[in-house]
Amino acid sequence: MAMQGMELCAVAVVILLFIAVLKQFGILEPISAEDSSDGDLELSAVRHQPEGLEQLQAQTKFTKKELQSLYRGFKSECPSGRVDEETFTLIYAQFFPQGDASAYAHFLFTAFDADGSGALCFEDFVVGLSILLRGTVQEKLNWAFNLYDINKDGFITKEEMLEIMKSIYDMMGRCTLPAPRDSAPAEHVELFFQKMDRNGDGVVTFEEFLETCQQDEDIMSSMQIFENTI
């Protein structure tokens, strides 16, 4: 995989990889004829009781039957109703056998674990999925910005972006050809800031991030790729 432009392409990669993880969990199963029936199936109880169907409909852009189908897959693979970071990382790592995905999986897990509970429940998955698949461009980019803003102070610093870049290079491992220089992550951080830090103050705000991404045709195209996944 070529590394050129990775500092921007990583925004799109987030969507692709999250979809892959959900499919691995069995959550993105096709909605069958049974799911499309008029039966009034509600979310059944597990050890972690999810929010009500109507509340999740209000929070997401999924229909009732789509939520029912998603929940069947989640309940089948996660009967406890929760996925801890260790399990999430193990599943995520299967997609990158040539590298070390643990650091990037941690950042991704933290982005979904909005309440900081240390475990992802059905609501976490489905709310994140709704944003990544059916959110507006601004909602998707806000989610990506939150991933990169490690300390959640509203700014992306060079130090934070370097951690993200290193985790991406580690994740790709030997898949990266030609082999990158040791200085490659830092070089990409500098490119990222040249594009994103429009006022040159050393940090990237969401407004700067949003404006730059919206002017990049590749990123805008990537935001649409998975809208019809389910």
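Residues numbered from 1 in each chain as written. Predicted model: local features only at pLDDT ≥ 70, side-chain atom pairs only at ≥ 80, totals over all residues. Heavy atoms only, no water.

Enquirer: What exactly am I supposed to notice about the packing of aromatic side chains here?
Expert: In this description, a pair of aromatic rings is defined by centroid distance and the angle of the planes. Evaluation of the coordinates by the stated rule reveals seven aromatic pairs. Considering the side-chain rings of Y71 and F122, the 5.0 Å spacing of their centres and the 75° angle between planes classify their relative orientation as edge-to-face. One end of the pair, Y71, is in helix α3 (residues 64-77); the other, F122, is in helix α6 (residues 122-134), with 51 residues separating them in the sequence. In this structure, Y71 and F122 share a single accessibility class: buried. On the numbers, 5.6 Å between centres and 80° between planes, the contact of F145 with F206 is edge-to-face. One end of the pair, F145, is in helix α7 (residues 137-148); the other, F206, is in helix α10 (residues 206-214), and 61 residues separate them in sequence. By relative accessible area, F145 is classed as buried at 5%. We classify F206 as buried; its relative accessible area is 14%. A network of ring pairs unites the aromatic residues F145, Y148, F206 and F209 as a single cluster. (Phe/Tyr/Trp six-rings, centres within 6.5 Å; stacked < 30°, edge-to-face > 60°. Helix = DSSP H or I, 4+ residues; strand = E, 2+ residues; numbered from the N terminus. Buried < 20%, exposed > 50% of the residue type's maximum accessible area, 1.4 Å probe, protein only.)

Enquirer: How should I be thinking about unusual backbone geometry in this particular structure?
Expert: A negative phi holds for most residues other than glycine; trans holds for most peptide bonds. Even without being glycine, K152 reaches a positive phi, approximately 60°. By the secondary structure assignment, K152 is in the loop between α7 and β3 (155-157).

Enquirer: What exactly am I supposed to notice about helix α9 (residues 184-196) here?
Expert: Each turn of an α-helix holds 3.6 residues, which means side chains three or four residues apart point in the same direction. For α9, with 13 residues, the first-to-last C-alpha span of 18 Å sits near the 18 Å given by 1.5 Å per residue. For α9, the complete set of buried residues consists of A184, P185, H188, V189, F192, F193 and M196. (Expected span 1.5 Å × (residues − 1).)

Enquirer: Where do I start with the side chain of T212 in this structure?
Expert: When you line up the elements, T212 lands in helix α10. One polar contact links the side chain of T212 to the main-chain carbonyl oxygen of K195, over a distance of 3.3 Å. When neighbours within four sequence positions are excluded, T212 is seen to be in contact with K195, M196 and R198. (Polar contact = N/O pair within 3.5 Å; in protein donor to acceptor, adjacent residues only side chain to side chain. Contact = heavy atoms within 4.5 Å.)

Enquirer: Sorry, what's going on with the confidence of the model for the chain here?
Expert: Should pLDDT be low for a region, the predicted coordinates there are not to be read in detail. Considering every residue of the chain, the mean pLDDT works out to 77; 72% of them sit at 70 or more. Across residues 1-12, confidence stays below pLDDT 50; counting only partners more than four residues off in sequence or on other chains, it has 37 contacts. This stretch, residues 29-41, has a pLDDT under 50; its non-local contacts, to residues over four places away or in other chains, come to 19 contacts. (pLDDT = per-residue confidence, 0-100.)

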